[in-house]
Amino acid sequence: NEGYAGCAGYDTNLCGGINMELFWQIIYYAIPFWVFVLIPFSTFYYEADDGMLMAGTSVSPNATPKSKVMEALRYQLMLIVIVSLMFALG
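Just so it is clear, the structure is predicted and the values come from calculations on it, not from any experiment. (Residues numbered from 1 in each chain as written. Predicted model: local features only at pLDDT ≥ 70, side-chain atom pairs only at ≥ 80, totals over all residues. Heavy atoms only, no water.)

> Any details on the overall build of the protein? Residues and values, ideally.
Across its full length, the protein holds two helices and zero strands. Carbon and sulfur atoms provide 68% of the accessible area of the protein, an area that totals close to 7,500 Å². (Helix = DSSP H or I, 4+ residues; strand = E, 2+ residues; numbered from the N terminus. Areas by Shrake-Rupley, 256 points an atom, 1.4 Å probe, with all protein chains shown as cover.)

Listed below in structure tokens is the structure:
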């Protein structure tokens with residue numbers, strides 16, 4: 001908004017009063033969170049096997065359904081460890 005008439009700078013009450021440095025820091029920190037946490041967790045949750053096949057039947061007669069959330073968290077933790085090691089060693 002700095003180019004608009006009446007705006008002396010980006011951090012004025014007339015032009016919104018948004019601290020743009022803080023705004024972009026939030027955006028820059030949100031990108032790795034989405035890439036390394038939210039998107040992989042969503043994929044792992046979607047692909048998680050609940051331990052049951054074909055709507056309630058299973059290979060084993062005493063099978064109990066597993067938590068899709070816990071399985072996704074387990075894979076997410078492995079991903080975070082691998083990515084952390086790559087950043088630490090590389």
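What follows continues from the structure just given.
> Would you mind going over the side chain of Gln76 in detail, with residue names and values included?
Here Gln76 shows up in helix α2 (residues 68-89). Residue classification places Gln76 among the buried residues on the basis of a relative accessible area of 5%. A polar side-chain atom of Gln76 sits 2.8 Å from the main-chain carbonyl oxygen of Phe36. In this structure, Gln76 is in contact with Phe36, Val37, Pro40, Phe41 and Phe44, ignoring residues within four places of it in sequence. (Buried < 20%, exposed > 50% of the residue type's maximum accessible area, 1.4 Å probe, protein only. Polar contact = N/O pair within 3.5 Å; in protein donor to acceptor, adjacent residues only side chain to side chain. Contact = heavy atoms within 4.5 Å.)

> Account for α2, naming residues and giving values.
For α2, which comprises 22 residues, the first-to-last C-alpha distance of 32 Å matches the rise-based estimate of 32 Å (1.5 Å per residue) to within 8%. Residues of α2 that are buried: Glu71, Ala72, Gln76 and Val83. All buried residues of α2 lie within an arc of 130° about the axis, which places them on one face of the element. Residues of α2 that are exposed and angled more than 90 degrees away from the buried face: Leu77, Ala88 and Leu89. (Expected span 1.5 Å × (residues − 1). Arc of directions from axis to C-beta.)

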